[in-house]
Amino acid sequence: MELPAKLEQLDVPTAGLSLVFLLAGLSKLVVPQFWTGYEPEFVLALSPVPAGALLGITGLIEAFLGVWILTGIRKTLASLVAVLWLTAITLQVTRLGLYAIAIRDLGLIFLGLAVFQKSR
């Protein structure tokens, strides 16, 4: 059985990384109560906006990053930003003792590195 030409051309790692960021960002905007408590205290202390607004801003950033990766415009830079963002998240959830989430996020870091490597 042959795959349709469009499906054969699908860059699965890029689409997957993009979808993760897009859904996480939108989720922070739609159901922010699921995401409270993950913010680093030093970030909240430095932020000029309340925690809820900061969560909305990070949701917008993640949704934007998901779209940016999907467009393929400067994909090398977009995937590097994604890797750095995921690394910061992984360090934070590890600090909180959420090791199962950290392990999952480590996998996402490697997915981001694969997109980065492929785009170079």
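What counts, and where the lines are drawn
- Residues numbered from 1 in each chain as written.
- Predicted model: local features only at pLDDT ≥ 70, side-chain atom pairs only at ≥ 80, totals over all residues.
- Heavy atoms only, no water.
- Phe/Tyr/Trp six-rings, centres within 6.5 Å; stacked < 30°, edge-to-face > 60°.
- Helix = DSSP H or I, 4+ residues; strand = E, 2+ residues; numbered from the N terminus.
- Buried < 20%, exposed > 50% of the residue type's maximum accessible area, 1.4 Å probe, protein only.
- Lys NZ or Arg CZ within 6 Å of the ring centre and 35° of its normal.
- Axes fitted to C-alpha atoms, helices over the stretch in contact; angles between N-to-C directions.
- Parallel < 35°, antiparallel > 145°, perpendicular 65-115°, else oblique.
- Left-handed = near helix turned anticlockwise from the far one by under 90°.
- Contact = heavy atoms within 4.5 Å.
- Core = buried A, V, L, I, M, F, W, Y, C linked by side-chain atoms within 4.5 Å.

(A) View of the packing of aromatic side chains. All chains considered together, the criterion is met by two aromatic pairs. Ring centres 6.0 Å apart and planes at 35° place the aromatic pair F64 and W68 in the tilted group. With F64 and W68 both in helix α4 (residues 51-71) and four residues apart, this pair spans about one turn of that helix. Owing to a relative accessible area of 18%, W68 belongs among the buried residues under this scheme. The ring of W35 has K28 lying over it, and the distance from NZ or CZ to the ring centre is 4.8 Å.

(B) View of the packing of helix α2 (residues 12-30) against α4. For the pair α2 and α4, the least separation of the axes is 7 Å and the interaxial angle reads 160°. As judged from the angle between their axes, α2 and α4 are roughly antiparallel. The handedness of the crossing between α2 and α4 is left-handed. Contact residues: T14, A15, L17, S18, F21, L22, A24, G25, L26, K28 and L29 in α2; L55, G56, T58, G59, L60, E62, A63, L65, G66, V67, I69 and L70 in α4.

(C) Seen up close, the nonpolar core. Ranked by size, the top nonpolar core spans 12 residues in total: L17, F21, L65, W68, I69, A78, A82, V83, L86, L108, I109 and V115. Every element with two or more residues in this core is listed here: α2, α4, α5 (75-95) and α6 (99-119). Among residues more than four places away in sequence, those in contact with L65 are F21, A78, V81 and A82.

(D) Up close: the environment of P32. Residue position: P32 is located in the loop between α2 and α3 (41-46). Taking relative accessible area as the criterion, P32 reaches 29% and is therefore assigned partly exposed. Placed 29 residues apart in sequence, P32 and I61 show a C-alpha to C-alpha distance of 14 Å. Residues in contact with P32, not counting those within four places in the same chain, are S27 and L55.

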